[in-house]
Amino acid sequence: MRAETENLVDEIKQALSLLRRHLDWDAAQKRLGYLNSRAEDPSLWDDPNEAQKLMRERQTLEENISAISDMQQTLDDSIELIELGEMEGDEEIVRDAEKTIRQLEGKIDKRRIETLLSGEMDQSDAFLEVHAGAGGTESQDWANMLLRMYTRWAEKRGFKVEVQDVSYGEEAGIKGATLLIKGEKANGWLKTESGVHRLVRISPYDSNARRHTSFSSIGVYPVIDDNIEIDIQDKDIRIDTFRSSGAGGQHVNTTDSAVRITHMPTGIVVTSSEKSQHQNRANAMKALRARLYDLEMKKREDAALAEHDAKTDIGWGHQIRSYVLQPYQLVKDLRTGVESTNPTEVLDGGLDEFMEAALAGKVVGEVEDVE
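Quick caveat, the model's predicted, so the values are computed rather than measured.

Procedures and definitions
Residues numbered from 1 in each chain as written. Predicted model: local features only at pLDDT ≥ 70, side-chain atom pairs only at ≥ 80, totals over all residues. Heavy atoms only, no water. Helix = DSSP H or I, 4+ residues; strand = E, 2+ residues; numbered from the N terminus. Buried < 20%, exposed > 50% of the residue type's maximum accessible area, 1.4 Å probe, protein only. Contact = heavy atoms within 4.5 Å. Areas by Shrake-Rupley, 256 points an atom, 1.4 Å probe, with all protein chains shown as cover. Phe/Tyr/Trp six-rings, centres within 6.5 Å; stacked < 30°, edge-to-face > 60°. Lys NZ or Arg CZ within 6 Å of the ring centre and 35° of its normal. Pairing = 2+ DSSP bridges. Axes fitted to C-alpha atoms, helices over the stretch in contact; angles between N-to-C directions. Core = buried A, V, L, I, M, F, W, Y, C linked by side-chain atoms within 4.5 Å. Salt bridge = Lys/Arg side-chain N within 4 Å of Asp/Glu carboxyl O. Parallel < 35°, antiparallel > 145°, perpendicular 65-115°, else oblique. Left-handed = near helix turned anticlockwise from the far one by under 90°. Nonpolar A, V, L, I, M, F, W, Y, C, P; charged D, E, K, R; others polar.

In this section: the overall build of the chain. For the chain, the count of helices and strands is ten helices and eleven strands. Scored against the burial criterion, the 371 residues of the chain give a buried share of 44%. Across the chain, every contact between residues at least 6 apart in sequence was considered, and the portion connecting residues at least 24 apart equals 65%. Of the roughly 20000 Å² of accessible surface on the chain, 46% is carried by carbon and sulfur atoms.

Under the criterion given, the structure shown has two aromatic pairs. Taking the centre distance of 5.0 Å and the plane angle of 65° together, the rings of Trp-142 and Tyr-323 count as edge-to-face. Linking Trp-142 in helix α5 (residues 137-156) with Tyr-323 in strand β9 (residues 319-324), this pair joins segments that are 181 residues apart in sequence. Each member of the pair, Trp-142 as well as Tyr-323, is classed as buried. Between Trp-153 and Phe-159 the ring centres are 5.6 Å apart and the planes differ by 80°, which places this aromatic pair in the edge-to-face class. The same class applies to Trp-153 and to Phe-159, which are both buried. Arg-260 extends its terminal NZ or CZ atom over the ring of Phe-242, reaching a point 4.4 Å from the ring centre.

Take the sheet that holds strand β6 (residues 237-242) next. An order of β6-β7-β8 is seen for the three strands of this open sheet, with the pairing classed as antiparallel. Lying at the two open borders of the sheet, with one neighbouring strand each, are β6 and β8 (268-272). Adjacent strand axes in the sheet meet at a mean angle of 15° when their direction is disregarded. Pairing of β6 with strand β7 (residues 258-263) involves six bridges; the strand directions are antiparallel. Paired with Phe-242 across the strands is Ala-258, a residue of β7.

Here the focus is the nonpolar core. Among the nonpolar cores identified, the biggest contains 37 residues, and Tyr-150, Leu-190 and Tyr-323 are the most heavily contacted of them. Looking at this core, the elements that each hand over two or more residues are β1 (126-132), α5, β3 (174-182), α6 (186-190), β5 (211-222), α9 (343-347) and α10 (352-360). No other element matches the eight residues that α5 contributes to this core. Of all hydrophobic cores here, the second largest spans 25 residues; its members include Ala-51, Leu-75, Ala-97 and Leu-104.

All told, the structure shown has 23 salt bridges when counted by the stated rule. Across the pair Lys-182 and Glu-162 runs a salt bridge whose closest N-O atoms are separated by 3.2 Å. Taken together, the positions of Lys-182 in strand β3 and Glu-162 in strand β2 (residues 160-168) put the pair 20 residues apart, joining distant regions of the chain. One continuous salt-bridge network, built from bridges that share partners, spans Arg-148, Arg-152, Glu-155, Lys-156 and Asp-348.

This paragraph deals with the sheet that holds strand β4 (residues 195-202). Taken in spatial order, the eight strands of this open sheet run β2-β3-β1-β5-β4-β9-β10-β11, and their pairing is mixed. The open sheet has two edge strands, β2 and β11 (339-340), and neither has a second partner. Across the sheet, α5 is in contact with β1, β2, β3, β4, β5 and β9; its angle to β5 comes to roughly 45°.

This part takes up the packing of helix α3 (residues 48-88) against helix α4 (residues 91-116). Two elements in contact, α3 and α4, have axes separated by 9 Å at closest approach and are oriented at 160°. Here α3 is positioned roughly antiparallel relative to α4, judged by the angle of their axes. As α3 packs across α4, the resulting crossing turns out to be left-handed. Between α3 and α4, the residues in contact are Glu-63, Asn-64, Ala-67, Met-71, Thr-74, Leu-75, Ser-78, Leu-81, Ile-82, Gly-85 and Glu-86 and Ile-93, Val-94, Ala-97, Glu-98, Thr-100, Ile-101, Leu-104, Lys-107, Ile-108 and Arg-111, respectively. Per-class residue counts for the contact of α3 with α4 are eleven nonpolar, five polar and five charged.

Okay, α10 next. Looking only at α10, the buried set comprises Phe-354, Met-355, Ala-357, Ala-358 and Leu-359. Note on α10: the residue one or two positions beyond its end, Gly-361, has a positive phi of about 70°.

Now for the pairing of β3. When you tally the buried positions in β3, you get seven out of nine residues, the bulk of the element. Two strands pair when backbone bridges link them, and β2 and β3 are joined in this way by eight bridges, in the antiparallel orientation. Note that in β3 the partner of Ser-167 across the bridge is Gly-176.

On to unusual backbone geometry. Omega for the bond connecting Gln-326 with Pro-327 falls within 30 degrees of zero, at 10°, which places this linkage in the cis form. Phi angles above zero are rare outside glycine, and Asp-24 is one such case at about 60°. Looking at the secondary structure, you find Asp-24 in the loop between α1 (3-23) and α2 (25-39). Asp-24 gets classed as partly exposed once you look at its relative accessible area, which sits at 45%. For Lys-185, which is not glycine, the phi dihedral falls at a positive 60°. Mapped onto the elements of the fold, Lys-185 is located in the loop between β3 and α6. When its relative accessible area of 11% is taken as the criterion, Lys-185 is described as buried.

Structure follows, in structure tokens:
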């Protein structure tokens, strides 16, 4: 076997071993056996919600186990073909088998990312919030650029994007916005994007063409399944209605249809202003449940303080990614070290490379700053 092919085979073997370990191979097979036996029990459907949950788990386990088994079999078969081809001097067999191994590498990379999206809420749709930092028009324009970037990213993946709320800036851009992004594993993909994003550019709003640094923050929260209990007491919330307004202060609605809900114990505020008052209230309550669930999960992970810091100080020291447009072209993720010298492509939704690296936790040392 050629040295290049041998190295690739070793890498694939290691990747398959990691996939099995992540799945907890032996436990997963036992669990699938149990789920298969439960699926044959007619009494399972006495509780439809529980039955559907069990069947989804069964399907996911079947897919994961089958995918890893199939990839292992493909690797074994290809190795045998290479050995056979070398013994018989048949170069065509060897080339075909090597091609199959190279294709297998791509499949494993894809499966690795899918495995990283196997968290409790990774399958969910997601709320994505954008908030402009200090800096007036500069940061508000940057927030609007981020809003477009995530909208384009979602559209490229075939996800559905619904605008829940937008607060426009006085001159340009937005002060904040909330999107509902619906699609397969939307929350799993987007969850690593929470944090502060920094822009460096020659300002189009500065007559002296000086370089400006702007900050805006992104928050991502899973849409909570109705079966998950989130206790919200009426006494703990304040519901306000107001008139929605568009860019420049022009009124969009002639009635006070926008809804703002404040959860007083936590200080969480959610707003919906793009639908009827009834729909806005339902959307805002759904967003509040998502925020409270997310808060509880972070408490369990003992990360509430870090989350608070990231959201309350939108500026230096808290950024996860820098987008430098001048004096040179560079987007750099400060957690993983992943870089792109094509900011235009990134700002047009080209985020997969950054997301994949963050999901894989490929940290390259201490967080660096980009000047």
